[in-house]
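Per-entry structural report
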Amino acid sequence: MSSIKKDWWKWLGVLILTLVILIGLLVPLNPGITQVSPSNAASGTTVSVSANGYNTFFTSAKSIRAWLKLAGDHALGAKSQEIISDNEIIFTFDLPQSLPVDQLYAETALVIDSDIDGAFVRPFALSINQKEVNVELGEQAWSVDKIHELTETNHFRYPFRNILVETIRNTYFHVPLWFGMILLFLGSVIHSIKFLRKPDELSDQKAVGFVSAGVLFGIMGLVTGAIWAKFPWGAFWSWDVKQNMSAICMLIYAAYFVLRQSMTDQDRRARVSAVYNLFAFMAMIPLLFVIPRLTESLHPGNGGNPALGGEDLDNTMRMIFYPAIIGWTLLGVWMAQLKWRTLRIESRLRE
Amino acid sequence: MKKRLFGLAAFLLYTLPMMAQGSTDDFFRSTGKLYVVVAAILAIFIGIVIYLYNLDRKIKNLEKQIKNE
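Quick summary incoming for the structure in this document. As the structure is a computational prediction, the values presented were derived from the model and not from experiment.

What counts as what
Residues numbered from 1 in each chain as written. Chains lettered and ligands numbered in written order. Predicted model: local features only at pLDDT ≥ 70, side-chain atom pairs only at ≥ 80, totals over all residues. Heavy atoms only, no water. Pairing = 2+ DSSP bridges. Helix = DSSP H or I, 4+ residues; strand = E, 2+ residues; numbered from the N terminus. Axes fitted to C-alpha atoms, helices over the stretch in contact; angles between N-to-C directions. Contact = heavy atoms within 4.5 Å. Buried area = accessible area lost by both parts, 1.4 Å probe. Salt bridge = Lys/Arg side-chain N within 4 Å of Asp/Glu carboxyl O. Polar contact = N/O pair within 3.5 Å; in protein donor to acceptor, adjacent residues only side chain to side chain. Expected span 1.5 Å × (residues − 1). Bend = angle between axes of the 7 residues up to and from the residue.

**Thoughts on the sheet that holds strand β3 (residues 46–54) of chain A**
All names here are of chain A.
- If you trace the four strands from one edge of the open sheet to the other, you get β1-β3-β7-β6, paired in antiparallel fashion. For this open sheet the edge positions go to β1 (32–37) and β6 (80–85), each flanked by a neighbour on one side alone. The average angle at which neighbouring strand axes cross in this sheet is 25°, direction not considered.
- Looking at chain direction, β3 and strand β7 (residues 88–94) are connected through seven bridges and run antiparallel. From the neighbouring strand, valine 49 faces β7, where its bridge partner is phenylalanine 91.

Below is the structure:
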């Protein structure tokens, strides 16, 4: 019983991670549109647009409305609709002769509103070509229908993102591993500083434990990142700046172990590796937080992309994401602790 | 140890040709690419197992030392 009281944080970590895996995998995504065909049409014609829904329930909906939406307030309602299945529906639009834009084509988004699924949008669904520009006529024709009274749903759902789809759930596994790694390295640096101020074997062992768990987290972060990248980005390794910099960071930390193995004198080894650990942590900060922000990157939060925010991490996801960071970090501390306890026994036996 | 290595080799021999083909691509793209998430969780699990295995080896050495004393 006493071990449960003392090691409460280990069980807390396991509990959080169990919930993160369960809730992270079981909560469905919001409905969305995966495909629209055709992708272009000529103005002045009647066009039947077929839309493939994801997590939609078209057959059980009492009312479904749809619009083609142009930039600004311009919209065009569907004339009729034909429900094929829960995931497929065909809308018919009477495209007006003119578009309210000063060019020969315009991109429209398809907005669908159903009383069961709520409202959802497919951007750049249908592009419309016109032969002549007549902004005034276009303004009139595209101002008749208004998008109004959209259904608001209150479901606990993760956002539907076009290319990511279900892989958005990796936010609870790939991203917190990196947060956990940084916290583990921070723990290691604290023990290295402690050691440099007051040499003591336990601080050195703790620093080693934290670094080994941190390196494992970093490698798992690289692997999960590569698996995730294959599908939205197209390749396991895209030579993205953040991928490269985190790989370099892992190499710097791998050298920490090489350095330790190269020295036999215990005191010297502890002192040199503590100083090296400080250097490695200082090197990690610009590698992971500064350089990726300066250039183009595929990662969100870098190269001008919005950081953790927007639709990539909405409030629903935050409720799982932040606990996931705590859970993975606690698991990492547990793994670090097992390591340094082993090292401690090893050094006792040596004496 | 040999048995373990054999198991790993068999696993790789079984999965590597699958990864080379396009059919796994379709598999990973099915049902909204959910299997990408499963693969990531599996990778984390394997990482933790490797860590435990290394620790296990270290502790085994210590146990041997205690026995010899």
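There's more to say after this.
**Quick notes on the interface of chain B and chain A**
- Contact residues are listed per partner, giving 24 residues for chain B and 33 residues for chain A.
- When the two sides are added together, the surface that chain B and chain A hide from each other amounts to roughly 2500 Å², 79% of it contributed by carbon and sulfur.
- Along the contact surface separating chain B from chain A lie zero salt bridges.
- Applying the counting rule to chain B against chain A returns two residue pairs in polar contact (both at pLDDT 80 or more).
- Elements represented by at least two residues in the side of chain B that touches chain A include exactly α2 (22–29) and α3 (34–68) of chain B.
- For the side of chain B that touches chain A, the leading source of residues is α3(B), giving 17 residues.

**Comments concerning helix α7 (residues 266–294) of chain A**
- Taking 1.5 Å per residue as the helical rise, α7(A) with its 29 residues ought to reach 42 Å, and the 41 Å between its terminal C-alpha atoms agrees with that figure.
- Taking the largest bend as the criterion, α7(A) deviates by roughly 30°, centred on Leu287(A).

**Overview of the pairing of strand β9 (residues 118–129) of chain A**
All names here are of chain A.
- Note: strand β2 (residues 40–42) against β9, three bridges, orientation parallel. Across the sheet, asparagine 40 pairs through a bridge with serine 127, a residue of β9.
- Across nine bridges, the pairing between strand β8 (residues 105–114) and β9 is antiparallel. Counterpart to threonine 108 in the pairing with β9 is leucine 126.
- Connecting β8 to the next strand, β9, in antiparallel fashion are three residues.

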